[in-house]
Amino acid sequence: MISYDTFLSPLGDLFILEEDNYLIGLSFDKSKNSFLNDVIKKETTLTNKVKIWLDAYFNKKPKDINFLMKVEGSAFYQLVMNYIYQIPFGETRTYKQVGDYIKSITKKNVSYRSIGQALKKNKILLIYPCHRIISSNGSIGGFNAGVDKKKWLLSFEK
């Protein structure tokens, strides 16, 4: 059963989605999770742990993850998510660096567009910090929660 809870961040509500004691979603936009209208809003042990993590994050004191997450997708998607998960608070990487990482594992060239498409599918924002991926020329690129939020997060993490 899927349930959700909310956390009021400096950027507005974050929606925390849980299924069977796994975090399956963390997003700013309820409309992207229209099925939330059909699930129960419920505070749980897991959502409380996520809220503690979020509170620490927004106080610039990120904590280790102490809850389970479920990230499903293709092997390529899993590689992209694994890479971005490792990016420390306050640091950025480029689409090229993500591509080089994937090429080092798969021995295949990767288009930056395919990396961007994978990042666009990220359902667990902030914890899988896709906002930390920028273009090699220094432009910030896109963000599925909106470029304004990406700018704010990058500035906040400095």
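Everything here concerns the structure above.
Since this is a predicted model, take the numbers as computed values, not measurements.

**Student:** What's the story with helix α1 (residues 45–58) in this structure? I'm lost.
**Tutor:** Note that an α-helix has 3.6 residues per turn; residues three or four places apart therefore point the same way. Between the first and last C-alpha of α1 there are 20 Å, a value that for 14 residues agrees with the 20 Å anticipated at 1.5 Å per step. Looking only at α1, the buried set comprises L46, T47, V50, K51, W53, L54, A56, Y57 and F58. Those residues of α1 that are buried lie in contact with β1 (2–9), β2 (12–19), β3 (22–27) and α5 (147–156). Downstream of α1 by one or two residues, K60 has phi in the positive range, about 60 degrees.

**Student:** I tried to follow the nonpolar core on my own but got confused; where do I start?
**Tutor:** Across soluble globular proteins, you tend to see nonpolar side chains buried next to one another. L54, F58, I84, L119 and L126 are the most contacted members of the largest nonpolar core, which totals 40 residues. Those elements that provide at least two residues to this core are β2, β3, α1, α2 (75–85), α3 (95–106), α4 (112–120) and α5. With residues near it in sequence (within four places) discarded, L126 still touches L14, F28, W53, L54, Y57, F58, H131 and L153.

**Student:** Explanation requested: the packing of aromatic side chains in the structure shown.
**Tutor:** Each aromatic ring pair is described using two quantities: the centre-to-centre distance and the angle formed by the ring planes. All chains considered together, the criterion is met by 12 aromatic pairs. On the numbers, 5.4 Å between centres and 75 degrees between planes, the contact of Y57 with F89 is edge-to-face. A residue pair is termed long-range when its members are at least 10 positions apart, and Y57 in helix α1 and F89 in the loop between α2 and β5 (93–94) qualify at 32 residues. Look at Y57 and you get buried, because its relative accessible area is 0%. For F89, a relative accessible area of 24% translates into the label partly exposed. Measuring from centroid to centroid gives 4.9 Å for W152 and F156, while their planes differ by 10 degrees, and the two rings are stacked. Residue W152 and its partner F156 are both found in helix α5; the two are separated by four residues, about one turn of the helix.

**Student:** Before we go on, may I ask you to explain the pairing of β2 in this structure?
**Tutor:** Every other side chain in a regular strand lies on the same face of the sheet, so the side chains alternate between the two faces. Examined bridge by bridge, β1 and β2 share eight bridges and lie antiparallel to one another. Paired with D5 across the bridge in β2 is I16. Connecting the antiparallel pair β1 and β2 is a turn made up of two residues. Across five bridges, β2 lies against β3 in antiparallel orientation. Residue pairing in the sheet places L17 in a bridge with G25 of β3.

What counts and what doesn't
Residues numbered from 1 in each chain as written. Predicted model: local features only at pLDDT ≥ 70, side-chain atom pairs only at ≥ 80, totals over all residues. Heavy atoms only, no water. Helix = DSSP H or I, 4+ residues; strand = E, 2+ residues; numbered from the N terminus. Expected span 1.5 Å × (residues − 1). Buried < 20%, exposed > 50% of the residue type's maximum accessible area, 1.4 Å probe, protein only. Contact = heavy atoms within 4.5 Å. Core = buried A, V, L, I, M, F, W, Y, C linked by side-chain atoms within 4.5 Å. Phe/Tyr/Trp six-rings, centres within 6.5 Å; stacked < 30°, edge-to-face > 60°. Pairing = 2+ DSSP bridges.

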